[in-house]
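Fold and contact review
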Amino acid sequence: MAVPTIIAESPFWQLPLTAVLENLSASPEGLSDKEAAARLTRFGPNVIHTERKRALLLQFLTKFRNPLVIILITASAFSAFTGDVASFLIISTIIIISVTLDFVQEYRAGQAAEHLRESVAVRCQVLRKGQLRQILLAELVPGDAVLLAAGDLVPCDGRVLEAKDFFVNQALLTGEPFPVEKSPGEFPEENDVLAAGNTVLLGTSVISGTAKVLMCRTGQNTELGAIADTLLAKAPPTAFEKGTHSFGLLIMRMTVLLVLFVLLVNAFFHRPWLESFLFAVALAVGLTPELLPMVVSVTLSRGALRMAANKVIVKRLASIHNLGSMDVFCTDKTGTLTEARIHLERHLNPLGKESRRVLELAYYNSFFETGLKSTLDDAILEHTEIDASGWKKIDEVQFDFERRRISVLLDNGTTRMLVVKGAPEDILRLSISFEVDGEEDSRPLDDVARMSINAQFEALSQQGFRVLGIASRQVGMDHPHAVVSDESELVFVGFAAFLDPPKESAKAALVGLAADRVAVKIITGDNELVTQHIFAQLGLPVTGVLTGAEIQQLDDLALTARVEQVNLFCRVAPAQKNRVILALKRRGHVVGYLGGGINDAPSLHSADVGISVDSAVDVAKAAADMILLEQDLGVLHAGVLEGRRTFGNIMKYIMMGTSSNFGNMFSMAGASVFLPFLPMLPTQILLNNLLYDVSELPIPLDRVDDDYLSHPRHWDMNFIRNFMLVIGPVSSLFDFLTFYIMLKVFHAGESLFHTGWFIESMATQVLVIFIIRTRRNPFKSRPHPWLIACSLTVVAVAVLLPLTPAGVYLGFIAPPAPFFLILTVMLLAYLLAVEGMKRWFFNRVVPE
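Residues numbered from 1 in each chain as written. Predicted model: local features only at pLDDT ≥ 70, side-chain atom pairs only at ≥ 80, totals over all residues. Heavy atoms only, no water.

**Brief notes about the overall build of the protein chain**
Counting secondary structure elements, the protein chain contains 31 helices and 23 strands. For the protein chain, long-range pairs separated by at least 24 residues make up 73% of all intrachain contacts whose partners lie at least 6 apart in sequence. Summed over all atoms, the accessible surface of the protein chain reaches about 36000 Å², with 60% contributed by carbon and sulfur. (Helix = DSSP H or I, 4+ residues; strand = E, 2+ residues; numbered from the N terminus. Contact = heavy atoms within 4.5 Å. Areas by Shrake-Rupley, 256 points an atom, 1.4 Å probe, with all protein chains shown as cover.)

**Describing the pairing of strand β13 (residues 416–422)**
Of all seven residues that make up β13, seven are buried, and the element is covered over most of its length. Burial of the side chains of β13 extends over both faces: Arg416, Leu418, Val420 and Gly422 are buried on one face and Met417, Val419 and Lys421 on the other. Taken together, the seven bridges between strand β12 (residues 405–411) and β13 define a ladder with antiparallel strand orientation. Across the sheet, residue Asp411 finds its bridge partner in β13, namely Arg416. The hairpin turn running from β12 into β13, its antiparallel successor, is four residues long, and Gly413 in that turn takes a positive phi close to 100 degrees. Here β13 pairs with strand β16 (residues 466–475) via seven bridges, running antiparallel. Paired with Lys421 across the two strands is Ile470, which belongs to β16. (Buried < 20%, exposed > 50% of the residue type's maximum accessible area, 1.4 Å probe, protein only. Pairing = 2+ DSSP bridges.)

**A word on the sheet that holds strand β18 (residues 519–523)**
Spatially, eight strands are ordered β8-β23-β22-β21-β9-β18-β20-β19 in an open sheet, and the strand pairing comes out mixed. The open sheet terminates on both sides in strands that have one partner only, identified here as β8 (312–314) and β19 (545–547). With strand direction ignored, the average angle separating the axes of adjacent strands in the sheet is 20 degrees. Note: β18 against strand β20 (residues 568–570), two bridges, orientation parallel. Bridge pairing in β20 links Ile522 to Leu568. Helix-sheet contacts for helix α17 (residues 528–538) involve β18, β19 and β20, and the interaxial angle to β20 is about 150 degrees. Across the sheet, helix α20 (residues 574–586) lies against β9 (328–331), β18, β20 and β21 (591–594), angled at about 160 degrees from β21, the strand it touches most. (Axes fitted to C-alpha atoms, helices over the stretch in contact; angles between N-to-C directions.)

**Examining helix α29 (residues 785–800)**
For α29, with 16 residues, the first-to-last C-alpha span of 22 Å sits near the 22 Å given by 1.5 Å per residue. For α29, the set of buried residues is Leu787, Cys790, Ser791, Val794, Val795 and Ala798. Buried residues of α29, seen end-on, are gathered within an arc of 130 degrees and therefore sit on one face of the element. (Expected span 1.5 Å × (residues − 1). Arc of directions from axis to C-beta.)

**Considerations on the confidence of the model for the protein chain**
Counting all residues, the mean pLDDT for the protein chain is 84, and 89% of those residues have values of 70 or more. Mean pLDDT values for the elements of the protein chain range from 64 in helix α7 (residues 223–231) up to 95 in β13. (pLDDT = per-residue confidence, 0-100.)

**Quick notes on α17**
Residues of α17 that are buried: Glu528, Val530, Thr531, Ile534, Phe535 and Leu538. Seen from one end, α17 has its buried residues packed into an arc of 165 degrees, which puts them on one side. Buried positions along α17 lie against α15 (447–462), β16, α16 (504–515), β18, β19 and β20. Capping the start of α17, Asn527 holds a side-chain oxygen 2.9 Å from the backbone nitrogen of Leu529, two or three residues further along. Positive backbone phi, approximately 70 degrees, marks Gly539, located one or two places after α17. (Polar contact = N/O pair within 3.5 Å; in protein donor to acceptor, adjacent residues only side chain to side chain.)

**Description of the state of the cysteines**
In this structure the tally under the stated criterion is zero disulfides. No disulfide involves Cys124; its nearest neighbouring cysteine sulfur is the one of Cys156, lying 7.3 Å away. Accessibility expressed as a relative area gives 6% for Cys124, which makes it buried. (Disulfide = S-S within 2.5 Å.)

**A closer look at unusual backbone geometry**
Trans is the common state for peptide bonds, and a negative phi is the common state for residues other than glycine. For Glu489, which is not a glycine, the phi torsion comes out positive at approximately 50 degrees. Along the chain, Glu489 turns up in the loop between β16 and β17 (490–499). Residues other than glycine seldom take positive phi values, yet Arg571 does so here, at roughly 55 degrees. Position of Arg571 relative to the elements: it lies in the loop between β20 and α20.

**Some thoughts on the environment of Asp411**
Looking at where Asp411 falls in the secondary structure, it is placed in strand β12. On the basis of relative accessibility, which here comes to 9%, the residue Asp411 falls in the buried class. Placed 16 residues apart in sequence, Asp411 and Asp395 show a C-alpha to C-alpha distance of 9.9 Å. Beyond its immediate chain neighbours, meaning those up to four positions away, Asp411 contacts Gly390, Trp391, Lys392, Ile394, Arg416 and Met477. In terms of polar contacts, Asp411 uses its side chain to reach the backbone amide nitrogen of Gly413, at 2.6 Å. Separated by 2.9 Å, the side chains of Asp411 and Arg416 make a polar contact.

**As for the side chain of Lys421**
Counting through the fold element by element, Lys421 comes out in strand β13. Under the relative-accessibility criterion, Lys421 is labelled buried at 5%. Within the structure, Lys421 has its side chain in polar contact with the side chain of Asn365 (distance 3.1 Å). There is a polar contact of 2.4 Å between the side chain of Lys421 and the side chain of Asp377. Ignoring sequence-local partners within four residues, the contact set of Lys421 consists of Asn365, Ser366, Glu369, Asp377, Ile380, Arg405, Ile406, Ile427, Leu468, Gly469 and Ile470.

Encoded structure:
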C-alpha cells in the first residue's frame, strides 16, 4: 500500500471523499494490521501530549541530576583530587547504592501503576480489513475506519463515511452546549472545520446515533492538538501534592539554616575547609527527605495495587489521598442503593388498568431511538413479543435533561404518529386528552382527570416504582420532521412502571461509610417519592430533600446554606448536580462523585475525586480518577479505607523525618560548636543516612491501625510542625546525653566518639519507628514483619560494623563493652520518653 500523504492542497473536509481516501491510501473497510503498525511507527501514538519513554539507562542517569547527588559527586571528586581515596570510594559507593535503590523502587512502582491504568483505558472499535477490533485510542492512525456510537469519545479528526441520526457535542472546542448533527457529504466551500457537517474532531463526544468515520488526523496534528496547551489547562495541584511540596519546603529551609550555621562555626574555628564542606554536605543529605518522592510513589502504587484487588482501579495516583480524605460521597441511587436490574412490571392506562397499547408505544419509542439507551429502555426492549416491523422511523427528537423526554416520528404506511416517552409530570403537562381503550376512545384531559392520573402516578412512586409517561400524537402523512414544538397537544396513553429492588449489600456499606464519617448524598433524576421509598426499605433516615425545581430557585449562596442537611437531591438536571457538588466543596467538604453517564463529565471534573464504573460510557471513564469494576458501595468503602491506609503510611515516613532524624541532625549541628572535632565524619553521616533509608523501605507495606482509618485524613502542616517541635527535642536531649557520656564517662577520643555516636544515632532514629507508627500502645499494634526484620537488621549492622575490618576504613573503632550496656539503658529510656511525649501530644495537642 502506498504511503499516505498529509493533505496540503485543501483541508480534508473540503475534498471529495474519494480524494481523501486516495490521499490516505485507505478504504472504508479499514487498513491491514501490517499497514496500521507501519503508520503507528511513522505518525506516532494518537495522543496530544506524548510522554516519550526513555531508555532505562537514561532514566537511571536522570536520577544523578538531583542537586544533592550532584553535590555528593562534587564532594567525592574533591576527595579524590586531594588524595583521600577512602572517602572517594565510600561516597561514590553510597551514591550508587542510594540512586539505584531509588530508581528500582520508583520504576517498579511506575510500571505497576501503568499496568493498572491500561486495564481501564478507553478503547474504540476499528475496522481492520473488514474485521472489527477493539484497540486503544492511542493506537489509531490516519486511514483507520472507526465505528462510533452514543457515549463514545471521538478519537481523532476524521470524515464521516456513514451516519444514522449522528449527533456530537463540540462544547470543548466551540463552547456551544447544543449537539450538532454530522453526516456524509461534501462541503468544498466551507472554510471552518467546526462548521463542516461531514467532519468530527478529537475532543468531542457522541450524544446519539451511530457512524463510521475515516480517521484523517491524529494526535498533535488534530485541531485540538494545535490548541491543546491553551485549551487543556493543567489540573491544579491536589491537596496531597501541595502538602508534600509544603513539607519539602519546610525541611529545605531548616536544612539551609543548619548548613549555614555549621559552615560559619567551622569557619570561625578555622577548621579545614574541605572537611567542613563535606560535613555540611553530609548534614544536608541527612536532613533532606530525599526518599520522600520514592516513598510516595511506592506507597501510592502499592495502595493502587491493593485497591485493584478490591476492584477499584486507580487512574491518577494522587487521587488515592483524596479518596481517603473524602467526607461526602454523591451518587445516583441506581446501581448503588439498588440492584440496577430493572424490570418493567406494569403498563397501565390512565384508569390504572393493564394496557398492551402502553407497552406497544413504549416499545416502539425505545426500539427506534438512536441515543444512548438507558436501563429503562433495556427493560422495555426485553418484551420481544412486541412486533415493530410494520413501522418505519421518519425522525426523532433526541433526549435531553432539560426536556426529560424523547420523541420518535413513526410511519406504518397509513398512519404517521409521534410517540413520546419521558418524565410523567412533563408528559402530562403537554397532553390535552387521554386514551382509555385505544386511540378511538380519547377523552379530554380536564382538571378532574389530571388529578386522578397524578394520584395514580404518586401511588406508583410511593410503592417504589420508577415511572415513565407515554403519549402520542397523530400528524399528517406529509409531516417531514420531528421538532420540539411537535411535543404539544399530546394524547396521554398511560404509565410504564419499573421496579429496581434495593441492593442487599447497600445497607451494610452505608452503615460502614457513616461509621467512618463519610456522608452519602443521593443525586438522582428520579422523583422524591421513589427515592424515599428506597431509603425506607433500607432503613435509612432522610435528613432533607431538595428537588431540581427548588434548586433552580436558589442562588449559589442559598444552595450552599441548604446542602449540608439535605441527603436526597431529586429530579435534578446534570448542571444542577454540578452546582450541588460545588456547593458542598464551598462548605469545606472533600467531595467524591460517582457517575457513568454522558452528562456526568463536568461533575466528575468538579469533584475532588471523580469515580466511574467499568460499564460507563467513554466520556465518563475518561473524566474519572478511579474506575470501580463493580458498582457497589462495599467496593467503594474498601477503597476509602485503602486511601486512608496509604496516606497513613506516607505520614509515618514524614513523622520520622521531622522527629528523630531531624533531632539527630540538629544535635550534630549543635555539637560542632563545642567539640574540637567534627561529631561525625562526612562519610559516616552519609552511611548513617543510607542505612536509615534502607530501614524505611518497608513502610509502604506496613499495617495501619483501625482507629486511624475511622475518619477522613487531611494534609495538615500545623500537625507536622507541632509534632516536630514536641518529639524532635526528645531526640536531641538524648543525643546530648550521649555526647556527655562519651566525653566524660569513656573519655572518648575522636574515633571512639564517632563510633558511639554513630551506633546511638542509628539505634534511636530507626527503632523509634515502632513508637511513631501508631497512636496506640506499640505492643498492641503489630508492624509488618518486613519492617521489623529490616529495622532490626539495620541496627545490627550499625552495632557490628565497628567490630569489622570495614569499620576501620570508615573511621570506627570497637567500643568498650560497658558502652553497650549504657546504650541499652539509654535506648529504653529514649523510647519510653518518646512514647510518653507521643501520648501527651495526641491527648492534649491534637486529640481525636
